[in-house]
Amino acid sequence: MLRVSAMTTAREVDLQAINGDPESAAVGIEFGVELMRFAEAVATGDGNALPGARHDLLGAAGPAVLVDAAGVAANFQRMVRIADATGIPVDDMKASLGRDVRRELGIARFASARNSIAT
C-alpha cells in the first residue's frame, strides 16, 4: 500500500523502512522514523518500546498525528483479524507488483513465508 500510495502521489519512499531501517523511514514520509518506531512497537506488541515510541511521535508530530497513527494501526489489526477469521482471500499473490515488493523486502526470510502460495 505504501508503494502504491507513493506512486499515486509522485512521492519518493524507501520500502526498506518496513524492515526497520531509520534512514529509509526518513525518505519522503514526514515523521517517518517516529511513525516507523511507533508502528513497530504496536505491531510487535512490545510493551516496553510502545511508551517511548508514543512519546517520541507525540513530541515530533503532535497529538493529531499520534491519534491518527493509533487509529490506522488499530484499523489494520482489525482488518487482518477479520480477513483471517473469515478466510477472505488476499490479492493475487502472483501479481508482479506484489511479487516485486516481497522480493525487495526479503519477505521469504520469515518462517511464516512457507505458508504463502507466493514464491
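Residues numbered from 1 in each chain as written. Predicted model: local features only at pLDDT ≥ 70, side-chain atom pairs only at ≥ 80, totals over all residues. Heavy atoms only, no water.

Caption draft 1: Geometry of the overall build of the protein chain. Across its full length, the protein chain holds 6 helices and 0 strands. Summarising the internal contacts of the protein chain: among those between residues at least 6 apart in sequence, 35% fall at separations of at least 24. Within the structure as shown, the protein chain displays about 8,300 Å² of accessible surface, and the carbon and sulfur contribution to it stands at 59%. (Helix = DSSP H or I, 4+ residues; strand = E, 2+ residues; numbered from the N terminus. Contact = heavy atoms within 4.5 Å. Areas by Shrake-Rupley, 256 points an atom, 1.4 Å probe, with all protein chains shown as cover.)

Caption draft 2: Here's a closer look at helix 6 (residues 96–105). Within helix 6, the full set of buried residues consists of Val-101, Arg-102 and Leu-105. All buried residues of helix 6 project into a common sector of 100° when viewed along the axis, lining one side. (Buried < 20%, exposed > 50% of the residue type's maximum accessible area, 1.4 Å probe, protein only. Arc of directions from axis to C-beta.)

Caption draft 3: Here's a closer look at the confidence of the model for the protein chain. Of all residues in the protein chain, 89% attain a pLDDT of 70 or more, and the chain-wide mean is 84. Least confident of the elements in the protein chain is helix 1 (residues 2–8), whose mean pLDDT is 69; most confident is helix 4 (residues 50–61), at 98. (pLDDT = per-residue confidence, 0-100.)

Caption draft 4: Fine view of the pattern of salt bridges. One pass over the structure, following the stated rule, counts 1 salt bridge. For Asp-100, the salt bridge goes to Arg-103, with nearest N and O atoms at 3.4 Å. Residue Asp-100 and its partner Arg-103 are both found in helix 6; the two are separated by 3 residues, about one turn of the helix. Since its relative accessible area comes to 34%, Asp-100 is described here as partly exposed. (Salt bridge = Lys/Arg side-chain N within 4 Å of Asp/Glu carboxyl O.)

Caption draft 5: Highlighting the environment of Phe-38. Structurally, Phe-38 can be placed in helix 3 (residues 32–44). Accessibility expressed as a relative area gives 6% for Phe-38, which makes it buried. Considering only alpha carbons, one finds Phe-38 and Pro-51, 13 residues apart in sequence, at a separation of 8.9 Å. The contacts of Phe-38, once residues within four sequence positions are left out, are Leu-50, Ala-53, Arg-54, Leu-57, Leu-66, Ala-69 and Ala-70.

Caption draft 6: Structural view of the nonpolar core. Phe-38, Ala-41, Ala-53, Leu-57, Ala-61, Leu-66 and Ala-69 form the largest nonpolar core, which has 7 residues in total. At the level of elements, helix 3, helix 4 and helix 5 (63–86) are the ones that each hand at least two residues to this core. At 3 residues, helix 4 tops the list of elements feeding residues into this core. Each residue touching Ala-41, except ones within four places of it in the same chain, is listed here: Asp-46, Ala-49, Leu-50 and Ala-53. (Core = buried A, V, L, I, M, F, W, Y, C linked by side-chain atoms within 4.5 Å.)

Caption draft 7: Quick look at the environment of Gly-106. Structurally, the position occupied by Gly-106 is in the segment after helix 6. Its relative accessible area of 25% is what places Gly-106 among the partly exposed residues. Sequence-wise, Gly-106 and Gln-16 are 90 residues apart; in three dimensions their C-alpha atoms are separated by 9.6 Å.

Caption draft 8: Just the packing of helix 4 against helix 5, in detail. Here helix 4 crosses helix 5 at 135°, and the two axes come no closer than 7 Å. Regarding the angle of helix 4 to helix 5, the classification is oblique. Residues Arg-54, Leu-57, Leu-58 and Ala-61 of helix 4 pack against Pro-63, Val-65, Leu-66 and Ala-69 of helix 5. Here the contact of helix 4 with helix 5 is built from residues that sort into 7 nonpolar, no polar and 1 charged. (Axes fitted to C-alpha atoms, helices over the stretch in contact; angles between N-to-C directions. Parallel < 35°, antiparallel > 145°, perpendicular 65-115°, else oblique. Nonpolar A, V, L, I, M, F, W, Y, C, P; charged D, E, K, R; others polar.)

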